[in-house]
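Coordinates in review
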Amino acid sequence: MADAAAAAKNLNFVWEGTDKKGNRIKGKTVAPSEAAVKADLRRQGIAPVKISKARRKAGKKIESSDIAFFSRQMATMMSSGVPLVQSMDIIGKGHANPNMQDMVMAIKGDVEAGNNLADALAKHPLYFDDLFVSLVRAGEQAGALETLLDKIATYKEKTERIKKKIKKALSYPIAVLVVAFVVTGILLVFVIPQFEELFKGFGADLPAFTQMVVNMSRSVRSQGYIYLIVIGAAFAAFTYFKKRSRKFRENLDRLSLKIPVVGDILTKSSLARFARTLSTMFAAGVNLVDALGSVAGATGNIIYEQATLKIRDQVSTGQQLNITMSQTGLFPHVMIQMIAIGEEAGSIDAMAAKVADFYEEEVDNAVDNLTSLMEPLIMAVLGVLVGGLVVAMYLPIFKLGSVI
């Protein structure tokens, strides 16, 4: 354990030295102490001249895409015959994110201290969930770690691709609406007052629409900070309850599934993750009950998570998977039938993989269609917001012109 603790505290060093021919050379290395660096250099036939700690760069937050890339690197290296510890050493030292470097080197230190890889990964639950750890453990027990790592990498890459697709589809309209909100605010605060001063010299009542916009401008200028506080408080409350209240997240997830178009995409995404995770776990030799426990957390929606846990409990009593799925009312008939065929043929993993492929393609098509629909809709929203303000300001001028 002491060795693992020391390895977990590896530091980055830069060094200068001379080789056996007297040539001056420089390099970087990761080690627990300066003495360890000196010892390592001497073993390589290098006489150390100067050793100092490298300046640490501020690392980015470790993202799920980093874990997916780590999985693929490990799978590729181990399938090429590179030993486990050496693979992690290469990946850790070569990663651009210092936080990822530290974590990989800490895992490497745990493995070198005698722990198996699954236990070492389990010490980092924020980045390696139960599904990841269970698959690695199954691979170690079966003596096929490189095969399981390849399955994990494929699984992570597919789920990341779906997440990015959905985020891309949702982030574009959100960004445009934020810009529209900012532009509208600028017009109300800085542009409308200029027209208001102009209208005071007309000596006539303003059209109702123009008067409404002028009143709105006055309200934003006099009480704008209150509106910002209310919006900020609402956003903070939403974030707080989303993180801390499971009931709130459950209601939010249930509501999100009912949103037109978007709800269909989220539903198909959950179905794809359910099927993909089930296929990966079952193919790894994990029994169905244990596999469903991991599948529940991978669906990405509390409604489907609760349904999957209920399915697990019923399957553990001897009921068939397809029957318990149909009782939830959340899974489409086609998916249930394919799982039923897989149960009859003893190939649940293969059938679940086909279901996952189908729904992943459905998500891709739905996201593409949503993006195509959103572009004209967003242009219409922008036209109504900005164009409406412009028309409101020119209505009095048109009215004045008709009087003249």
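Since the structure is predicted, the reported quantities are computational estimates derived from the model, not experimental observations. (Residues numbered from 1 in each chain as written. Predicted model: local features only at pLDDT ≥ 70, side-chain atom pairs only at ≥ 80, totals over all residues. Heavy atoms only, no water.)

A closer look at the pattern of salt bridges
As enumerated under the stated definition, the model contains 17 salt bridges in all. Linking Lys-38 and Glu-34 is a salt bridge whose minimum nitrogen-to-oxygen distance equals 4.0 Å. With Lys-38 and Glu-34 both in helix H2 (residues 34–43) and four residues apart, the pair spans about one turn of that helix. Relative accessible area serves as the criterion here: at 37%, Glu-34 is assigned to the partly exposed category. A salt bridge links Arg-161 to Glu-360; the nearest nitrogen and oxygen atoms lie 4.0 Å apart. With Arg-161 in helix H8 (residues 145–199) and Glu-360 in helix H16 (residues 348–403), the pair connects residues that are 199 residues apart, well separated along the chain. (Salt bridge = Lys/Arg side-chain N within 4 Å of Asp/Glu carboxyl O. Helix = DSSP H or I, 4+ residues; strand = E, 2+ residues; numbered from the N terminus. Buried < 20%, exposed > 50% of the residue type's maximum accessible area, 1.4 Å probe, protein only.)

What to know about the confidence of the model for the protein
This prediction gives the protein a mean pLDDT of 83; 93% of its residues lie at or above 70. By mean pLDDT, helix H1 (residues 2–8) is the weakest element of the protein at 41, and helix H13 (residues 302–315) is the strongest at 93. Segment residues 1–8: pLDDT under 50, and eight contacts once partners within four positions in sequence are set aside and those in other chains are kept. (pLDDT = per-residue confidence, 0-100. Contact = heavy atoms within 4.5 Å.)

Describing the packing of aromatic side chains
Under the counting rule described, the total for this entry stands at nine aromatic pairs. Where Phe-70 meets Phe-128, the ring centres are 5.9 Å apart and the plane angle is 65°; that geometry is what we call edge-to-face. Highlighted residues: Phe-70 in helix H3 (residues 64–79) and Phe-128 in the loop between helix H6 (117–122) and helix H7 (130–142), separated in sequence by 58 residues. Each member of the aromatic cluster is reached from another via a ring pair, and the members are Phe-238, Tyr-240, Phe-241 and Phe-248. (Phe/Tyr/Trp six-rings, centres within 6.5 Å; stacked < 30°, edge-to-face > 60°.)

Thoughts on the layout of surface pockets
Here the largest pocket is characterised by a volume of approximately 1800 Å³. Along its surface, the largest pocket is lined by 47 residues, and Lys-163, Lys-167, Lys-242, Arg-273 and Gly-300 are the ones closest to its centre. Elements that contribute at least two residues to the lining of the largest pocket include exactly H3, H7, H8, helix H9 (208–244), helix H10 (246–256), helix H11 (262–283), helix H12 (288–298) and H13. When residues of the lining of the largest pocket are assigned to their parent elements, the largest contribution, ten residues, is made by H8. Residue composition of the lining of the largest pocket, by class: 20 nonpolar, 13 polar and 14 charged. (1 Å grid on protein atoms, 1.4 Å probe; cavity = no way out; pocket = protein on both sides within 12 Å on 5 of 7 lines; lining within 4 Å. Points joined across faces, edges and corners; volume = space filled by probe spheres on them. Nonpolar A, V, L, I, M, F, W, Y, C, P; charged D, E, K, R; others polar.)

Describing the nonpolar core
Core analysis: the biggest nonpolar cluster contains 37 residues, and Leu-117, Phe-128 and Val-136 have the highest contact counts within it. At the level of elements, H3, helix H4 (84–94), helix H5 (98–112), H6, H7, H8 and H12 are the ones that each hand at least two residues to this core. In this structure, Ala-169, Val-176, Phe-274 and Leu-288 belong to the second largest nonpolar core, which totals 36 residues. (Core = buried A, V, L, I, M, F, W, Y, C linked by side-chain atoms within 4.5 Å.)

Here's the deal with H3
End to end, H3 covers 23 Å across 16 residues, agreeing with the expected 22 Å (1.5 Å per residue, within 8%). Listing the buried residues of H3 in full gives Asp-66, Ile-67, Ala-68, Phe-70, Ser-71, Gln-73, Met-74, Ala-75, Met-77 and Met-78. Structurally, H3 contributes buried residues whose contacts are with H4, H5, H7 and H8. Count one or two residues on from H3 and you reach Gly-81, which has phi positive near 95°. (Expected span 1.5 Å × (residues − 1).)

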